[in-house]
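Per-entry structural report
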Amino acid sequence: MLSLKNISKYYNVGGAKTYVLNKIDLEIDGGEFVSIMGPSGSGKSTLLNVIGLLDAPSEGYHYFMGEAVHQLKEKQRAALYKANIGFVFQAYHLIDELTVYENIETPLIYQDVKSGERKALVADILDRFNIVGKKDLFPAQLSGGQQQLVGIARALIAKPKLLLADEPTGNLNSKQGEEIMELFRKLNKEDGVTIIQVTHSEKNAEFGSRVINLLDGKIDSSRQV
Ligand code: ADP
Ligand code: ADP
């Protein structure tokens, strides 16, 4: 599904190159559930953002769904993202002024899905996630766990092949976090969604099939779960 070859990302700090990612080689197959771990500042979020086409590396070769991403223009990259990737953020990133229903519907509007089909798709996911009763509420009226469910529903509504999540349970209590991880496991096993998450939690990592440890912008180790 994706391949990174010799990927580096650096910032110029006081005229010197400071590497956040340093010569990363990584291949991820369709159907995997990968956890990226490592200390704060090791480059986990940057790596996830590069994989998710939200951030461009400084150097290297990046292939995703058969496309040479490093050769794409910004607009083409954005189109590739919209067609294939769902992103779940630690702090939910819901739009405060929109209801649960409208938040989940947003990606479909961006993709020009017709109104009738949008209604059916949103109704289906509200039902699946057991949040039909919350559809007219605003994010501020929900608990953290409910907001994250909405964030995940929004990431999944357009049926992405790749689901990326940056500390998806970071703001949740352990019960809410476990429910989210159970949901990820189900999406991966039953629906075949490829998942890559950044996590500090060994317990969360156990839900996946592979763990990659980053240290100072390099892959320090990798193991199957
Ligand atoms: P990011 O990875 O998004 O840059 P941080 O790595 O700074 O963010 O931390 C994300 C969250 O995880 C924060 O709430 C932080 O307190 C917590 N955290 C950071 N390092 C650890 C750790 N080693 N073990 C457990 N929690 C951590
Ligand atoms: P992690 O998710 O493992 O905490 P990040 O990918 O968030 O790591 O960040 C890795 C490093 O990149 C951090 O040390 C951070 O300070 C640095 N960094 C991120 N953005 C910039 C920037 N715009 N300029 C300079 N350094 C940056």
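For the protein chain, the name recorded in an unreviewed UniProt entry is ABC transporter related protein, with Mucilaginibacter paludis DSM 18603 as its organism. Of the protein chain, the UniProt comment under Sequence similarities (unreviewed entry) reads exactly: "Belongs to the ABC transporter superfamily. Macrolide exporter (TC 3.A.1.122) family."

Around ligand 1 sit Ser40, Ser45, Glu167 and His200, and that is every residue in its neighbourhood. Measuring from an oxygen atom of ligand 1, one finds a side-chain N or O atom of Ser45 at 3.5 Å. The contact in question runs from an oxygen atom of ligand 1 to an N or O atom on the side chain of His200, over 3.1 Å. Relative to its free-state accessible area of 550 Å², ligand 1 is covered by the protein chains to the extent of 40%. In terms of residue class, the shell around ligand 1 is made up of no nonpolar, 3 polar and 1 charged.

Bringing the pairing of strand β7 (residues 162–166) into the picture now. Taking burial as the measure, the 5 residues of β7 include 5 buried ones, the bulk of the element. Taking every second residue as pointing to the same face, both faces of β7 are buried, with Leu162, Leu164 and Asp166 on one and Leu163 and Ala165 on the other. The sheet contact formed by strand β6 (residues 85–88) and β7 spans 4 bridges and is parallel. If you follow Gly86 over to β7, its bridge partner there is Leu163. By the bridge criterion, 5 bridges tie β7 to strand β8 (residues 194–198) in an arrangement that is parallel. By the bridge assignment, Leu163 is partnered in β8 with Ile195.

This paragraph deals with the pairing of strand β1 (residues 2–13). By the bridge criterion, 9 bridges tie β1 to strand β2 (residues 16–28) in an arrangement that is antiparallel. Considered in β2, the bridge of Lys9 is made with Leu21. Counting the residues in the hairpin turn of β1 and β2 gives 2 residues, including Gly14, whose phi is positive at 55 degrees. In this sheet, strand β4 (residues 59–64) lies alongside β1 in antiparallel orientation, the contact comprising 5 bridges. Each bridged residue has a counterpart across the sheet, and for Leu4 the counterpart in β4 is His62.

Procedures and definitions
- Residues numbered from 1 in each chain as written.
- Chains lettered and ligands numbered in written order.
- Predicted model: local features only at pLDDT ≥ 70, side-chain atom pairs only at ≥ 80, totals over all residues.
- Heavy atoms only, no water.
- UniProt positions renumbered as here; feature names shortened; annotations may be inferred.
- Near = heavy atom within 4 Å.
- Polar contact = N/O pair within 3.5 Å; in protein donor to acceptor, adjacent residues only side chain to side chain.
- Areas by Shrake-Rupley, 256 points an atom, 1.4 Å probe, with all protein chains shown as cover.
- Nonpolar A, V, L, I, M, F, W, Y, C, P; charged D, E, K, R; others polar.
- Buried < 20%, exposed > 50% of the residue type's maximum accessible area, 1.4 Å probe, protein only.
- Helix = DSSP H or I, 4+ residues; strand = E, 2+ residues; numbered from the N terminus.
- Pairing = 2+ DSSP bridges.

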